[in-house]
Amino acid sequence: MHITVINGTEKHGVTYRLKEMFLAEFKDKASITEYYLPKDCPNFCNGCISCTIKGENTCKDAEYIGKIDKSLLEADLIVMTSPAYVFHTTGAMKAFLDHFAYRWMPHRPALEMFGKRAVIITQCLGAGAKPAAKDIKHSLSWWGISKIGIFTGALMSDIDWDKLTEKKQAELTRKIEKLSQKFAHMDYAKPAHTNLITKIKFSFCRMMQQSLHKNLPEYLDGKYWAEQGWLGKARPWK
């Protein structure tokens, strides 16, 4: 089993600690590859749309994105972590997700993503953890991932783990361990179920790509969908 972790910050704070608690259940049964932002994806997407129009290899940051993309595709489980900054994910995580626009369903989603499982871990001093998790989930769901577990921790009193009350530490520990055990006992030999919402999104994108491919046969996205057989009867979840 292989796990790929995308850390939305290089800081080893509460989010890092929660992530380590989650991964503890997998230490003896999985190989784990971790990336830390912004170190492993240091540049902002500048919106040139070269990745969607000409191909992901033409991205100015392809040397970083290609390596991470390969790791994500090979992973059985994807773990995304981020503390909440002003009710949203970190800027480094947002920049990372922007680079993967070409993997969104309206463009060139990877077949492998439709059978994957993912976990999002966020926390905040207050109520911002849920919006931060939503930022990440939005991208993962449009990559084609249906099975997404979410941990959101509201610290309320302090952002330093050692300064949290024992009651709050125990609460967070129980919650993250419960999520960890749930995902650790899944059968990763079988692809995750693709839910109805993902199938509906796919159907609308398919209709769009059918029209584009008919009118612009050389358009990259339409050619990709045709090569996958998705403009016909093939589906990524079958």
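Residues numbered from 1 in each chain as written. Predicted model: local features only at pLDDT ≥ 70, side-chain atom pairs only at ≥ 80, totals over all residues. Heavy atoms only, no water.

(A) Representation of the environment of alanine 184. Note on placement: alanine 184 falls in helix α6 (residues 166–184). Each C-alpha atom of the pair alanine 184 and tryptophan 225 lies 33 Å from the other, and the pair is 41 residues apart in sequence. (Helix = DSSP H or I, 4+ residues; strand = E, 2+ residues; numbered from the N terminus.)

(B) Inspection of the nonpolar core at higher detail. In this structure, Ile6, Leu72, Met80, Phe96, Leu140 and Trp143 are the most contacted members of the largest nonpolar core, which totals 28 residues. Sorting the residues of this core by element identifies α3 (62–74), β3 (77–83), α4 (91–99), β4 (117–124) and α5 (129–143) as the ones contributing at least two each. Setting aside anything within four residues of it in sequence, one finds leucine 72 in contact with Thr4, Ile6, Ile78, Phe96, Phe100, Met113, Lys116 and Trp143. Grouped together as the second largest cluster of nonpolar side chains are 24 residues, Ala30, Ile121, Ile176 and Tyr188 included. (Core = buried A, V, L, I, M, F, W, Y, C linked by side-chain atoms within 4.5 Å. Buried < 20%, exposed > 50% of the residue type's maximum accessible area, 1.4 Å probe, protein only. Contact = heavy atoms within 4.5 Å.)

(C) Examining the layout of surface pockets more closely. For the largest pocket, the calculated volume is near 270 Å³. By volume, the second largest pocket amounts to about 220 Å³. Every residue lining the second largest pocket is counted, 14 residues in all, and those nearest its centre are Lys11, Pro83, Tyr85, Gln123 and Ile159. Contributing elements (two or more residues each) for the lining of the second largest pocket: α1 (14–24) and β4. Of the residues forming the lining of the second largest pocket, the biggest block, three residues, is contributed by α1. Broken down by class, the residue content of the lining of the second largest pocket amounts to nine nonpolar, four polar and one charged. (1 Å grid on protein atoms, 1.4 Å probe; cavity = no way out; pocket = protein on both sides within 12 Å on 5 of 7 lines; lining within 4 Å. Points joined across faces, edges and corners; volume = space filled by probe spheres on them. Nonpolar A, V, L, I, M, F, W, Y, C, P; charged D, E, K, R; others polar.)

(D) Spotlight on the packing of α4 against α5. Packing of α4 against α5 leaves a shortest axis separation of 11 Å and a crossing angle of 15°. Accordingly, the angle class assigned to the pair α4 and α5 is roughly parallel. Note on packing geometry: the crossing formed by α4 with α5 is left-handed. Here Met93, Phe96 and Leu97 of α4 come into contact with α5, specifically with Asp135, Ile136, Ser139 and Trp143. Grouping the constituent residues of the contact of α4 with α5 by class yields five nonpolar, one polar and one charged. (Axes fitted to C-alpha atoms, helices over the stretch in contact; angles between N-to-C directions. Parallel < 35°, antiparallel > 145°, perpendicular 65-115°, else oblique. Left-handed = near helix turned anticlockwise from the far one by under 90°.)

(E) Structural detail: unusual backbone geometry. At the junction of leucine 37 and proline 38, the peptide bond is cis and its omega measures out at 5° in the coordinates. Relative to the helices and strands, proline 38 resides in the loop between β2 (31–36) and α2 (50–53). One non-glycine residue, isoleucine 49, adopts positive backbone phi at about 55°. On the basis of relative accessibility, which here comes to 51%, the residue isoleucine 49 falls in the exposed class. Despite not being glycine, valine 86 shows a phi value in the positive range, around 45°.

(F) The arrangement of the packing of helix α7 (residues 196–215) against helix α8 (residues 220–228) in detail. Here α7 crosses α8 at 115°, and the two axes come no closer than 9 Å. Considered as vectors, α7 and α8 are oriented roughly perpendicular to each other. For the crossing formed where α7 meets α8, the hand is left-handed. Across the interface between the two elements, Phe202, Cys205, Arg206, Gln209 and His213 of α7 pack against Asp221, Gly222, Lys223, Trp225 and Ala226 of α8. In terms of residue class, the contact of α7 with α8 is built from four nonpolar, three polar and three charged.

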